[in-house]
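# Chain and residue survey
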Amino acid sequence: MFDDLQEMNCRPTPWERYTADQLWTDPWVSSQMLAYHLDGSNAIASRGSEFIGRATGWMTGRFGLGPGKRVADFGCGPGLYAQGLAKSGAAVTGVDFSPRSIAYAQEQATAQGLNIDYRCQNYLECEGEAVYDLITLIYCDLCALSPAQRARLLKIFRGLLRPGGALLLDVFSLARFRGLAESTGYEFCPGDGFWAQEPHYVFQNSFKYEPEYLALDRYTIVLPQERREIFNWLQHFTPEYLASELVAGGFERVETLGSVAGDAYDPEADDFAMVLTAA
Ligand SMILES: C[S@@+](CC[C@H](N)C(=O)[O-])C[C@H]1O[C@@H](n2cnc3c(N)ncnc32)[C@H](O)[C@@H]1O
């Protein structure tokens, strides 16, 4: 037990393990996540419904979306943005590796008669032709990827965009990073919790990596017969640092914004957005 506790409390090296699939594709956890996505009054898995409506309206005008245009929403979850974008008449593709979210998104598109091509796939393995006018990556998904994964995803985006096509994404800011504190703790859940249906203990260790502007929430879930580990890495960015990665990936910065709904950039806010074009 002492050795186990030592191990779960130790600080991993940056990006030591990638466990995003356990967070988003585990049957039990993904059902909890879907409930958070669909509860438009919280901003846990998706931003609130008022924001999403405003964002899809802004994107439709800003990128001239309509019939003849093609949009790909990466990490589309249950399709909350994809639905709004498809209502412009654009052909929308949604990519996500959560079978539960994609099944829900597909049902909704069919019921609403929307032209959305949903693909249940790891977006780090996407391939295809340069057919999209706009690619979106919303709710700071880039922040959960290591530098090597980010470079890989940007290369994929670059290959999928038409000449002059745009990339819109948002990321966590340095202001958010400064407000984080390291912590450690545990709790017992008698069952039907976020992480598991069975009774379990959850140990949480939050680490900060100051020079890298990197944060890690490490969860160790101890079940009667099993132990699971989840590493939630979050890279934080300045606009200059983000732009430098994107320029290295073959993009040109067009504008820095406060959000994917076109709000003005605020250096004190927890996140910001950027519009880029394929260079
Ligand atoms: C924070 S949620 C945001 C969902 C959506 N963009 C929104 O704002 O409503 C992140 C989404 O990205 C998906 N995701 C994370 N990593 C992924 C990967 N490597 N490949 C495909 N989907 C991924 C998750 O399944 C989840 O639906």
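That block above? That's the structure.
No experiment lies behind these values; they were computed from the predicted model shown.

## A look at the overall build of the protein chain
When you go through the protein chain residue by residue, the secondary structure sums to nine helices and 11 strands. Taken against the 2.2 N^0.38 rule, which gives 19 Å for 279 residues, the C-alpha radius of gyration of the protein chain at 19 Å falls within 12% of a compact globule. With respect to the three principal axes, the spread of C-alpha positions in the protein chain is 60 × 45 × 35 Å. Counting the 279 residues in the protein chain, one finds 37% classified as buried. Contacts in the protein chain between residues far apart in sequence, at least 24 positions, make up 64% of those at least 6 positions apart.

## Quick look at the site of the ligand
As a matter of local geometry, the ligand sits amid 20 residues, with Trp24, Ser46, Gly75, Gly77 and Tyr139 nearest to it. Secondary-structure elements contributing two or more residues to the shell around the ligand are α2 (20-25) and β2 (91-96). Looking at side-chain class alone, the shell around the ligand contains 11 nonpolar, seven polar and two charged residues.

## Re helix α6 (residues 99-112)
Look at α6: 20 Å from first C-alpha to last across 14 residues, which is about the 20 Å you get at 1.5 Å a residue. Listed in full, the buried residues belonging to α6 are Arg100, Ser101, Ile102, Ala105 and Ala109. A positive backbone phi angle near 65° is found at Gly113, which sits one or two residues after α6.

## With respect to the environment of Arg100
By the element assignment, Arg100 lies in helix α6. Linking Arg100 and Thr25, residues 75 residues apart in sequence, is a C-alpha distance of 7.5 Å. If we skip the residues at most four places from it in the chain, Arg100 touches Ser30, Ser31 and Leu34.

## Regarding the pairing of β2
In terms of burial, β2 is a largely internal element, five of the six residues being buried. With five bridges connecting them, strand β1 (residues 70-74) and β2 associate as parallel partners. By the bridge assignment for β2, Val71 is matched with Val92. Considered for its hand, the β-α-β crossover made up of β1, helix α5 (residues 80-86) and β2 is right-handed. Examined bridge by bridge, β2 and strand β3 (residues 116-120) share five bridges and lie parallel to one another. Directly across from Thr93, in β3, lies its bridge partner Asp117. Following the backbone out of β2, through α6 and into the adjacent parallel β3, one traces a crossover that is right-handed.

What counts, and where the lines are drawn
- Residues numbered from 1 in each chain as written.
- Predicted model: local features only at pLDDT ≥ 70, side-chain atom pairs only at ≥ 80, totals over all residues.
- Helix = DSSP H or I, 4+ residues; strand = E, 2+ residues; numbered from the N terminus.
- Rg over C-alpha atoms; globule rule 2.2 N^0.38 Å.
- Buried ≥ 20, exposed ≤ 12 C-beta atoms within 10 Å, placed from the backbone.
- Contact = placed C-beta atoms within 7 Å.
- Near = placed C-beta within 6 Å.
- Nonpolar A, V, L, I, M, F, W, Y, C, P; charged D, E, K, R; others polar.
- Expected span 1.5 Å × (residues − 1).
- Pairing = 2+ DSSP bridges.
- Right-handed = clockwise from strand over helix to strand, strands pointing away.

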